[in-house]
Amino acid sequence: MANSKQLSIGTVAAEPATIDLDWSTTALLIIDMQRDFMEPGGFGETLGNDVSQLARAVKPIAAVLGAARDLGLLVVHTREGHLPDLSDAPPAKIERGAPSLRIGDPGPMGRILIRGEAGHDIIPALYPLDSEIVIDKPGKGAFYATELDDILRKYGIENLLVCGVTTEVCVNTTVREANDRGYRCVVLADGCASYFPEFHEMGLKMIKAQGRFGCGSQGNDGADFK
């Protein structure tokens, strides 16, 4: 949440070009850094994925999150998951693929991808402050069937710094949804990850290919913005 600190214009090192942003109209949007995707025993692993591949995004996001809090930026976290009765989970999603556990099944961290269960929550290293906004979403995009757009407009947000997992699915989907709604997006490359490194790289290339998207590169220690 924006605080009383003086906000100003900042510069983000990005591709295809460096971007100047007004921090007072910029929010940090952190996508789906949940235990069910990040930790052994969660939904990501039930799909046969190597969840350790996502760990590389945690330190850069933590650095960006700290900087955003210092600047007083609006911070929004998202969590993908479903109601306990699965009324917001289409059969096509539940039945997709051949995971060892499906959405709603009991797992080591509670029912898989169900709101209120331990696995649905955000990892401790990036846990939201009480003052930060958490959006629970039933789909890949953070705008679908959520109040995100209303909240961003309420706070006068025009620019989004986007990071999280996975690069090629929920991050890409959210950025395109945001652009369709008029938001200027910068994807923080080192703050994103995929179970498949090649998908991460291609996901970033897809974003860079669209002139209306920026793709910020943070470096190993966090965000290159000031």
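Quick note: structure is the one above.
Residues numbered from 1 in each chain as written. Predicted model: local features only at pLDDT ≥ 70, side-chain atom pairs only at ≥ 80, totals over all residues. Heavy atoms only, no water.

Colleague: Whenever I open this one, the pattern of salt bridges confuses me. Can you help?
Modeller: Side chains that differ in sign of charge can pair as their charged atoms come close. Per the counting criterion, the structure on display carries eleven salt bridges. The salt bridge involving Asp32 is made with Lys137; its shortest N-O contact spans 2.8 Å. Of the two residues, Asp32 sits in the loop between strand S4 (26-31) and helix H1 (35-38) while Lys137 sits in strand S8 (residues 133-137), which places them 105 residues apart along the sequence. As far as the burial class goes, Asp32 and Lys137 line up, both buried. Through salt bridges that share partners, Asp32, Glu80, Lys93, Lys137 and Lys140 make up one connected network. (Salt bridge = Lys/Arg side-chain N within 4 Å of Asp/Glu carboxyl O. Helix = DSSP H or I, 4+ residues; strand = E, 2+ residues; numbered from the N terminus. Buried < 20%, exposed > 50% of the residue type's maximum accessible area, 1.4 Å probe, protein only.)

Colleague: Just to check I follow, could you spell out the pairing of strand S9 (residues 159-165) for this structure?
Modeller: Working note: regular strand, side chains alternate between the two faces of the sheet. Most of S9 is tucked away, with seven of its seven residues classed as buried. Of the two faces of S9, the one holding Asn159, Leu161, Cys163 and Val165 and the one holding Leu160, Val162 and Gly164 are both buried throughout. Note: S4 against S9, six bridges, orientation parallel. Within the sheet, the bridge partner assigned to Leu28 lies in S9 and is Leu161. (Pairing = 2+ DSSP bridges.)

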